[in-house]
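# Structural overview
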2 protein chains.
Amino acid sequence: MINTLFLPELRDMIAAGQKEEMREFCAALHPVRTAEFMEGLTASESWQVLRSADREQQQEIFRHFDNDKQVAILELEDRQEVARLITRLAHDERVDLLGEIDEEIGAELLQLLPAEERRDILRLKAYPEETAGAVMTTDIAKLDESLTVDEALKELGRQAEDLETIYYLYVVDTTDHLRGVVSARQLVSAMVQPETTLGALMETDIIVADSMEDQESVAQTVARFDLLAIPVVDPERRLLGIITHDDVIDVMRDEATEDVQRIAAVNPLNESYLRMNLLRLSWKRGVWLTILFFAALLTAFALDGYQDVFAGAEATWLVLFIPLVISSGGNTGSQSSTLVISGLARNDISVTDWWQIFRRELAMGLMLGTLLGTFGFLCAAFPAPSLVDALVVPITLLLVIVCGTTCGSLLPLLFQRLGLDPAMMSNPFVAGIVDIFGIIIYMNVAIVLL
Amino acid sequence: MINTLFLPELRDMIAAGQKEEMREFCAALHPVRTAEFMEGLTASESWQVLRSADREQQQEIFRHFDNDKQVAILELEDRQEVARLITRLAHDERVDLLGEIDEEIGAELLQLLPAEERRDILRLKAYPEETAGAVMTTDIAKLDESLTVDEALKELGRQAEDLETIYYLYVVDTTDHLRGVVSARQLVSAMVQPETTLGALMETDIIVADSMEDQESVAQTVARFDLLAIPVVDPERRLLGIITHDDVIDVMRDEATEDVQRIAAVNPLNESYLRMNLLRLSWKRGVWLTILFFAALLTAFALDGYQDVFAGAEATWLVLFIPLVISSGGNTGSQSSTLVISGLARNDISVTDWWQIFRRELAMGLMLGTLLGTFGFLCAAFPAPSLVDALVVPITLLLVIVCGTTCGSLLPLLFQRLGLDPAMMSNPFVAGIVDIFGIIIYMNVAIVLL
């Protein structure tokens, strides 16, 4: 929903070239809101307004534009002005953005940047996607341990506007090796003794991330230690950059979405559903559907082997309950595997708890199976020729549901043990296994009882 | 996995009453790590060690103990000492904790607290679960706008140790109405002009949360505006407390887990899988399983109506493909509904996009249906009496899969429109609808073609 409240006014300002008014508009509200009010403007109109804004506001508003608008501005507007904007963007965000624009224009813009900024961009670009190095930003406060509290505060005051965070000061030696961390809180508390050095104040047991570490594991560390930012180091413990809390929130959101999509057997989209190319989307869905299709095809083979069981005139009523048996097993199985997957993701449970989990799920299967089996018996009593025949349905349901809870809980643990992603592999496999077992159990119970 | 590295040493220290050594142990590492090293100790042993720790470390380590240990310490250790610990805990965490211990002991402990702290706890306890008020903490820096930068820094230095965050200063009037916010970054940048007042520095377009707002919506606001903390206000805009970034990360995690569990048709557990009472767990699972069971039962009724279609000697092969048809429709449907649910959760799509989503899913269903239909035809060609007969399977698959993608995408949108939780309601409903349509389509295609 586009907010049109200020659009006419803004267009008037652009037409009349009222720079001062546009500057005031950009300064009046929170940058996120300002960006939202400009959603209805074209990229070029938005840039007209933004050019009049103060330095700091300009980049704050720009980073909250939607991606398409950012790309259009970088590609179409005056190269010199755009290059100046790029020098002011957060170091991690501008790398992502430059990766999305036309390559030639990107190369031209790179040439217009100061050498140091260019090097920084090229260095960050080299990290593989979804690693700590690819998410980190390099605009951090690195200080020497001999600095006093007073000097550090002054230094911070000078740099504050350009830093991504001022809430941790990183103490490094002359070759950038991380020695310690001082939080802004410690610094402020220590103001009463302004001559204390950072070396005396700093914590040396520092939680760090390796630059090649997976972003999800970094996010978990940040959450576990309640950090505002985590330093990223190379194997020699040289400070390369930091990952801040807002990036961690984004990572956690993306990973949660990926998990949900994997559980529903879709390869993670990694982009907006509505914008994604239909062929790419159908590929991401088709792969798993095909695998699941051939898993389900095994049920046809299984049923084929039992044709004489349900083809007899007395036993066609058995066919009525095939979907019910299969879906009850599948639903219970997907409950179990989802509970185990989300437990693993939250570190509530670990692979070593497997025996306890197995016993719980066995008990759960017996309880749920008895419940649904009772319903099943009442329903089967009508079409079945005799009450003894009708017993086929509840007995099958009980066994299938126990099979669902136990397979559903143990398979994700097995996948985790094997180093595979439990979210990716479990639900489809559980569904396939329970379907086939469901048919085999149903038919064999029928053979025994009828 | 319990880390046993320091256990013997710690036990020796406890036995010998070496207070100084225990104090040093508590100060040496990051509190999270210290708490982990103490995991193998009993609650009473842990408390022995913790009693020797410095004030600040004591509460930092305590808050990272697991829940059971915290409760045991509060319930069993010396009331006076425990009460002193409680006064130092974060205001939001101690309310949660007091809610979990024995009621009588809780009342006793409350009586031992200073009147102000007691009032604060009772006030926070009054907010309904999962609202902003229940998540917020009340230990914040409230300052007057006439304060200068210099005075504010000094005041902050005095309070820093007791505050949950020092990264935003909240400017209030004499009756606590929120007037503005100054970030620590602004304050530090303004140090060169120490006589500037907070009133001149503060931002007045403040993003706030209402105390009764749902925690999930608050978390989304914080993520959208990249905040470190959000102030919580009452309807008169009086400042009640703040919610900090680490609580937001926890909320986002909990909500993601809840969504995953709902999608798999489990009522959210809201507690650890392994600790949960089996009867409660079976209730949370059994409710939806029963609903899904009766939905699946409709397939039995549907099949009953078509007994003469598949009971004929020529057509029993149709039975073989019943599970395949149903599971293909179900899998496609759950893909579609999960994509729409996660798109809604991320604000990538909204209900007003329904027509675009419908067209996309229709196209997707035709593509995926053609793919799986082709496989299906190849498989049905063998058991079917003729190739024309075999066409029943691919045509059915195509129709069922289109039904799956369209129902799967539109139902969550419909539920959202009706104000229901799309994650809760959609997948079970989609599964039920697609199962029944699957049977009806299959049988009617068979009637037409055979």
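Rules of the game
- Starting from 1, residues in each chain are numbered consecutively following that chain's sequence as written.
- The order in which chains are written sets their letters, starting at A; the order in which ligands are written sets their numbers, starting at 1.
- Since the coordinates come from a predicted model, pLDDT governs what is reported: local features require at least 70, and pairs of side-chain atoms require 80 or more to be given and counted, while whole-chain, interface and lining totals use all residues.
- Secondary structure counts use DSSP, requiring at least four H or I residues in a row for a helix and at least two E residues in a row for a strand, with both numbered from the N terminus.
- Within these notes, the globule rule equals 2.2 Å times the number of residues to the 0.38 power, and the radius of gyration is based on C-alpha atoms.
- Partly exposed residues are those whose C-beta has more than 12 but fewer than 20 other C-beta atoms within 10 Å; 20 or more makes a residue buried and 12 or fewer makes it exposed, with C-beta atoms placed from the backbone.
- We call two residues in contact when the distance between their C-beta atoms, placed using the backbone, is within 7 Å.
- In this description, strands pair whenever DSSP reports at least two bridges between them.
- When buried Ala, Val, Leu, Ile, Met, Phe, Trp, Tyr and Cys residues are joined through C-beta atoms within 7 Å, the set is termed a nonpolar core.
- A fitted line through C-alpha atoms serves as each axis, taken over the contacting stretch for helices, and the angle formed by two N-to-C directions is quoted from 0 to 180°.
- Comment on the angle field: the value is read as roughly parallel under 35 degrees, roughly antiparallel over 145, roughly perpendicular from 65 to 115, and oblique elsewhere.
- Only Asp, Glu, Lys and Arg are considered charged, only Ala, Val, Leu, Ile, Met, Phe, Trp, Tyr, Cys and Pro nonpolar, and every remaining residue, Gly among them, polar.
- Throughout, a crossing is termed right-handed when the near helix is turned clockwise from the far one, and left-handed when it is turned anticlockwise from it by less than a right angle.
- Copy-to-copy superposition: least squares on the C-alpha atoms, limited to residues that have pLDDT of at least 70 in both copies.
- pLDDT measures how confident the predictor is about each residue, on a scale from 0 to 100.
- Every helix has an expected span of 1.5 Å times one less than the residues it contains.

### Some points on the overall build of chain A
Secondary structure summary: chain A contains 24 helices and six strands in total. The globule rule puts the C-alpha radius of gyration for 450 residues at 22 Å, and the 30 Å found for chain A is more than 25% above it. Dimensions of chain A, computed from the C-alpha atoms along their principal axes, are close to 90 × 60 × 35 Å. Of all 450 residues assigned to chain A, the portion counted as buried reaches 46%. In chain A, once contacts between residues fewer than 6 apart in sequence are set aside, the share between residues at least 24 apart is 71%.

### Digging into the sheet that holds strand 1 (residues 142-143) of chain A
Residue and element names in this part refer to chain A. Strand order in this open sheet of three strands is 1-2-3, and the pairing throughout is mixed. The sheet is open, and its two borders are formed by strand 1 and strand 3 (178-183), each paired with just one other strand. By the bridge criterion, five bridges tie strand 2 (residues 168-172) to strand 3 in an arrangement that is antiparallel. Looking at the pairing, tyrosine 170 lines up with valine 181 of strand 3.

### Section: the nonpolar core
In terms of nonpolar packing, the biggest core is built from 222 residues, with Leu169(A), Ile243(A), Leu169(B) and Ile243(B) touching the most fellow members. For this core, the element with the highest residue contribution is helix 24 (residues 422-449) of chain B, accounting for 14 residues. Apart from residues lying up to four places away in sequence, Leu169(B) is in contact with Ala141(B), Leu143(B), Ala152(B), Val182(B), Leu187(B) and Leu198(B).

### As for the packing of helix 8 (residues 91-100) of chain B against helix 10 (residues 115-125) of chain B
Residue and element names in this part refer to chain B. Their axes nearest at 10 Å, the elements helix 8 and helix 10 cross at an angle of 75 degrees. Looking at the two axes, helix 8 sits roughly perpendicular to helix 10. Residues His91, Asp92, Arg94, Val95, Leu98 and Gly99 of helix 8 touch helix 10, and the partners they reach there are Asp120, Ile121, Leu124 and Lys125. Per-class residue counts for the contact of helix 8 with helix 10 are four nonpolar, two polar and four charged.

### Focus on the packing of helix 21 (residues 354-380) of chain A against helix 23 (residues 392-417) of chain A
All names here are of chain A. Running from N to C, helix 21 and helix 23 point in directions that differ by 155 degrees, and their axes come no closer than 7 Å. Here helix 23 runs roughly antiparallel to helix 21, going by the angle between their axes. Seen along the crossing, helix 21 lies across helix 23 with a hand that is right-handed. Partitioned by chemical class, the residues of the contact of helix 21 with helix 23 number 18 nonpolar, 10 polar and one charged.

### Quick look at the environment of Arg262(A)
Residues and elements named next belong to chain A. Topologically, arginine 262 is positioned in helix 16 (residues 245-263). Here the alpha-carbon distance between arginine 262 and asparagine 427, two residues 165 residues apart in the chain, equals 8.7 Å. With residues near it in sequence (within four places) discarded, arginine 262 still touches Pro268, Asp421, Ala423 and Met424.

### Here we look at the relation of the copies chain B and chain A
In this structure, two copies of a chain are linked by a rotation about an axis accompanied by a shift along it. At an RMSD of 0.1 Å, chain B and chain A line up after a rotation of 180 degrees and a shift of 0.1 Å along the axis. Here the copies are linked by what is in effect a two-fold axis. Residue by residue, 100% of the interface of chain B is reproduced at the interface of chain A, so both copies engage with the same surface.

### Quick notes on the sheet that holds strand 1 (residues 142-143) of chain B
Residue and element names in this part refer to chain B. Reading across from one edge, 1-2-3 is the order of the three strands in this open sheet, with mixed pairing throughout. Two strands close off the open sheet at either side, each with one partner strand: strand 1 and strand 3 (178-183). Pairing of strand 1 with strand 2 (residues 168-172), which is carried by two bridges, proceeds in the parallel orientation. Across the sheet, residue lysine 142 finds its bridge partner in strand 2, namely tyrosine 170.

### Things to note about unusual backbone geometry
Of note, Arg237(A) is a non-glycine position whose phi angle comes to about 65 degrees, a positive value. Turning to its location among the elements, Arg237(A) is positioned in the loop between strand 5 (229-233) and strand 6 (239-244).

### So, the pairing of strand 6 (residues 239-244) of chain B
Residue and element names in this part refer to chain B. For strand 6, a buried count of six out of six residues is recorded, marking the element as mostly surrounded by other parts of the structure. Pairing geometry for strand 5 (residues 229-233) and strand 6, over five bridges, is antiparallel. Bridged to alanine 229 within strand 6 is threonine 244. A loop of five residues connects strand 5 with strand 6, the two strands running antiparallel in sequence, and arginine 237 in this loop sits at a positive phi of about 65 degrees.

### Let's talk about the interface of chain B and chain A
Between chain B and chain A, the contact holds 93 residues from the first and 93 residues from the second. Among the residues making up the side of chain B that touches chain A, the classes are represented as 56 nonpolar, 22 polar and 15 charged.

### Some thoughts on the environment of Leu147(A)
All names here are of chain A. By the element assignment, leucine 147 lies in the loop between strand 1 and helix 12 (149-159). In this structure leucine 147 comes out as partly exposed when scored by C-beta crowding, with 19 C-beta atoms within 10 Å. On a C-alpha basis, the gap between leucine 147 and threonine 196 in space is 8.4 Å, while along the polypeptide they are 49 residues apart. With residues near it in sequence (within four places) discarded, leucine 147 still touches Ala152, Thr197 and Leu198.

### Some words on the confidence of the model for chain A
Residue and element names in this part refer to chain A. Looking at chain A, the pLDDT average stands at 87 and 99% of residues meet or exceed 70. Mean pLDDT in chain A bottoms out at helix 18 (residues 307-311), which sits at 79, and peaks at strand 4 (residues 209-210), which reaches 95. Listed scores for the predicted complex are pTM 0.77 and ipTM 0.76.

### Quick notes on helix 16 (residues 245-263) of chain B
Residue and element names in this part refer to chain B. Relative to the 27 Å expected for 19 residues at 1.5 Å per residue, helix 16 spans 27 Å between its end C-alpha atoms, a close match to the ideal helical length. Within helix 16, 16 of the 19 residues are buried, leaving the element largely enclosed by the surrounding structure. The positive-phi residue at the C-terminal boundary of helix 16 is alanine 265, with phi of around 60 degrees.

### Comments concerning the environment of Thr196(A)
Topologically, Thr196(A) is positioned in the loop between helix 13 (184-189) and helix 14 (198-201). Not counting the four nearest positions on each side in its chain, Thr196(A) is found in contact with Thr148(A), Val149(A), Ala190(A) and Leu201(A).

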